[in-house]
Amino acid sequence: MEITIKNLTKVFPGNPKKNIPDTTAVDNFNLDIKDGELLGLLGPSGCGKSTTLYMIAGLKKPTEGEIWFGDEDVTNLPPEKRGIGLVFQNYALYPHMTIYDNVKFPLTNLRAKTTKKATGILYNRKIKALLTKDLEGIVGEILASEYSGKISKQAAARRLVFKYHIVTSMAKKIYGYGLHLLDEGAREAKVNEILKGFEEAEKATIAKLNAKGIKLNEAFEYLDEDGDTIEVVRRLTNDEIDELVQETSRLVQIQDYLTRKPSELSGGQQQRVAIARALVKKPRVLLLDEPLSNLDARLRLQTREEIRRIQKETGITTVFVTHDQEEAMSISDRIVVMKLGVKMQEDAPQNVYNDPHSLFVAKFLGTPPINVFNGEIKDGALYIGKEKIMTNPAFVQNKKVYVGIRPEGFLADEHTKEEDKVFSLKVKQIVTMGRDMSLVADHDKLLGDEIKIIVDSDIKATIGVMKFAIRPNKLFVFDGETEERIYLE
Ligand code: ATP
């Protein structure tokens, strides 16, 4: 589902009596999110990313602007009519309910539009397919569910559901045939008898429907006199609910925990349950508000991969809000960086890193962060302190600038020409980390505490003053006043 955001603005009114001014949380925001895309909304605390997400969800009303899902204007629709799944940072599961019931919850009382079908025939046909395809396997699963000397119906049903992806009632029905109690010959005879019963029931149903003027198509949907399918709005049946819960649980891989309570799961597993709960209604759009921030570092990484996999598997259009640039970079197809309610830049993660349009974006992305220096453009050249770093035709006007150099932008090896080594830094610390070496350095014109440099570990580094050449594509110049990028030629 494509999402289009047009001139979206949200102003929270202040209180003049208490001298509290209005807050413009989102300011004339425009964005197109493609069908099936995972879009990361990234920015520091208070930049308006959650407010934007809540307006897409319908939880907050825009002051101005429009939100479209495909060709439907949803700006004034309540959340429940938008077809969205929401996951918050505190996953807020119902503690007294099992995982199964937590996932099922959004489906209770859900009314859905569907075609009228001969569900009994479809149900029997599925059982028939299973019995014909893998009778031995089915019996094996039932026998394997043996627990404390008895075969429990519950345990056997769970195994069948798990292995054959069928609904619980179907598994219980198959168990009820007692096939595991018979020897091979008797088992086959019993199956034939069951299948014969199905055939007769099918014929009887079709005859009854035909008598009422109803025909069935190949998918066993009811057709009216004109040959059109008949649509009804109704509650889901227990079997349909069960199927959705099972299917979604398999997707997020919580199918083993369905009988447990939330307190019996890890944080990452609980968050997966929350994602299942958001997905079970098959929403058009999935909205995630900092879903990983309550997890510890290891789980955060794992759950991040999980979300990416689930999103790719379902192809559901997803908006992911985070203040963590690394998280946004690794998970998103595209990133939107926000500052004070305004969109600063949107692009593929690597492009935002390689080509920041402003000092803010350059500083916000990258670990270790970009090194920023006070610089000056003078007579067509860029200076940091007294050192002339480079000349460029873009340096037409003398002015103060900021110079950003990525940690990997410094060159000091012996293959680098001596005359290119134009930038002197005071190296304070050298740390070798396998393939790379990290240098910590200082400079009078540095903004911030220390310079972080990453170089190959085979260069000769020394504590004290070292001279570096700069990779031109890792150096960015920004206007000293507007902080906008000055593009080099
Ligand atoms: P965080 O990462 O801290 O959640 P955020 O980027 O999601 O931040 P928002 O929650 O969207 O930011 O808030 C944007 C701005 O709107 C902030 O300045 C915030 O203080 C303000 N704001 C949010 N909700 C309200 C409200 N109900 N009333 C007044 N101001 C609000």
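The model shown is predicted, which means the values in this text are computed figures rather than measured ones.

Peer 1: For this particular structure, what's the right way to read the overall build of the protein?
Peer 2: On a plain count of helices and strands, the protein comes out with 13 helices and 28 strands. Against the compact-globule benchmark of 23 Å for 489 residues, the protein has a radius of gyration of 31 Å, which places it well outside the compact range. Across its three principal axes, the protein shows a C-alpha extent of roughly 95 × 55 × 45 Å. Taking all 489 residues of the protein together, the buried fraction comes to 45%. The contacts in the protein between residues at least 6 apart in sequence include a share of 68% that link residues at least 24 apart. Surface summary for the protein: the accessible area is close to 25300 Å², and the carbon and sulfur share equals 49%. Looking at the protein, you have 71 positive and 72 negative side-chain charges, and the mean spots of the two groups are 5 Å apart.

Peer 1: Would you mind showing me how to read the packing of aromatic side chains here?
Peer 2: Within a pair of aromatic rings, the relevant descriptors are the distance that separates the centres and the angle that separates the planes. Inspection of the entire model under this criterion finds six aromatic pairs. Ring geometry for tyrosine 54 against phenylalanine 88: centres 6.2 Å apart, planes inclined by 55°, an arrangement best described as tilted. Taken together, the positions of tyrosine 54 in helix 1 (residues 49-57) and phenylalanine 88 in the loop between strand 6 (84-87) and helix 2 (99-104) put the pair 34 residues apart, joining distant regions of the chain. Note on tyrosine 54: relative accessible area 17%, which makes it buried. Centre to centre, the rings of phenylalanine 360 and phenylalanine 364 are 5.8 Å apart; their planes meet at 15°, and the pair counts as stacked. Residue phenylalanine 360 and its partner phenylalanine 364 are located together in helix 13 (residues 359-364), separated by four residues, close to a single helical turn. Phenylalanine 364 sits in the buried class, given a relative accessible area of 18%. One residue, lysine 378, lies across the ring of tyrosine 383, its end atom 4.9 Å from the ring centre. One residue, arginine 406, lies across the ring of tyrosine 353, its end atom 3.9 Å from the ring centre.

Peer 1: I tried to follow the layout of surface pockets on my own but got confused; where do I start?
Peer 2: A water-sized probe rolled over the atoms picks out the places where empty space is left. By volume, the largest pocket amounts to about 860 Å³. Ile84, Pro106, Arg277, Ala278 and Lys281 are the residues nearest the centre of the largest pocket, which is lined by 33 residues in total. Put simply, the parts of the chain that give the lining of the largest pocket at least two residues each are strand 6, strand 7 (111-115), helix 8 (238-251) and helix 9 (267-279). Every residue lining the second largest pocket is counted, 20 residues in all, and those nearest its centre are Gln154, Arg158, Gln246, Leu258 and Thr259. For the lining of the second largest pocket, the secondary-structure elements that each account for two or more residues are helix 5 (153-164), helix 6 (168-176) and helix 8.

Peer 1: Help me understand the sheet that holds strand 3 (residues 38-42) in this model?
Peer 2: Strand pairing in a sheet relies on backbone hydrogen bonds. The paired strands run either parallel or antiparallel. The strand order across the open sheet built from six strands is 6-13-14-3-15-16, with neighbouring strands paired in mixed fashion. Only two strands of the sheet have a single partner each, and these edge strands are strand 6 and strand 16 (342-347). Averaged over neighbouring strand pairs, the angle between their axes works out to 15° when direction is ignored. Sheet topology places strand 3 next to strand 14 (residues 317-322); five bridges connect them, and they run parallel. Following the sheet pairing, leucine 41 is matched in strand 14 by valine 321. Sheet strands touched by helix 9: strand 6 and strand 13 (285-289). Its angle to strand 6, the strand with the most contacts, is close to 165°.

What counts and what doesn't
- Residues numbered from 1 in each chain as written.
- Predicted model: local features only at pLDDT ≥ 70, side-chain atom pairs only at ≥ 80, totals over all residues.
- Heavy atoms only, no water.
- Helix = DSSP H or I, 4+ residues; strand = E, 2+ residues; numbered from the N terminus.
- Rg over C-alpha atoms; globule rule 2.2 N^0.38 Å.
- Buried < 20%, exposed > 50% of the residue type's maximum accessible area, 1.4 Å probe, protein only.
- Contact = heavy atoms within 4.5 Å.
- Areas by Shrake-Rupley, 256 points an atom, 1.4 Å probe, with all protein chains shown as cover.
- Lys, Arg positive; Asp, Glu negative; His and termini not counted.
- Charge placed at Lys NZ, Arg CZ, Asp CG, Glu CD.
- Phe/Tyr/Trp six-rings, centres within 6.5 Å; stacked < 30°, edge-to-face > 60°.
- Lys NZ or Arg CZ within 6 Å of the ring centre and 35° of its normal.
- 1 Å grid on protein atoms, 1.4 Å probe; cavity = no way out; pocket = protein on both sides within 12 Å on 5 of 7 lines; lining within 4 Å.
- Points joined across faces, edges and corners; volume = space filled by probe spheres on them.
- Pairing = 2+ DSSP bridges.
- Axes fitted to C-alpha atoms, helices over the stretch in contact; angles between N-to-C directions.

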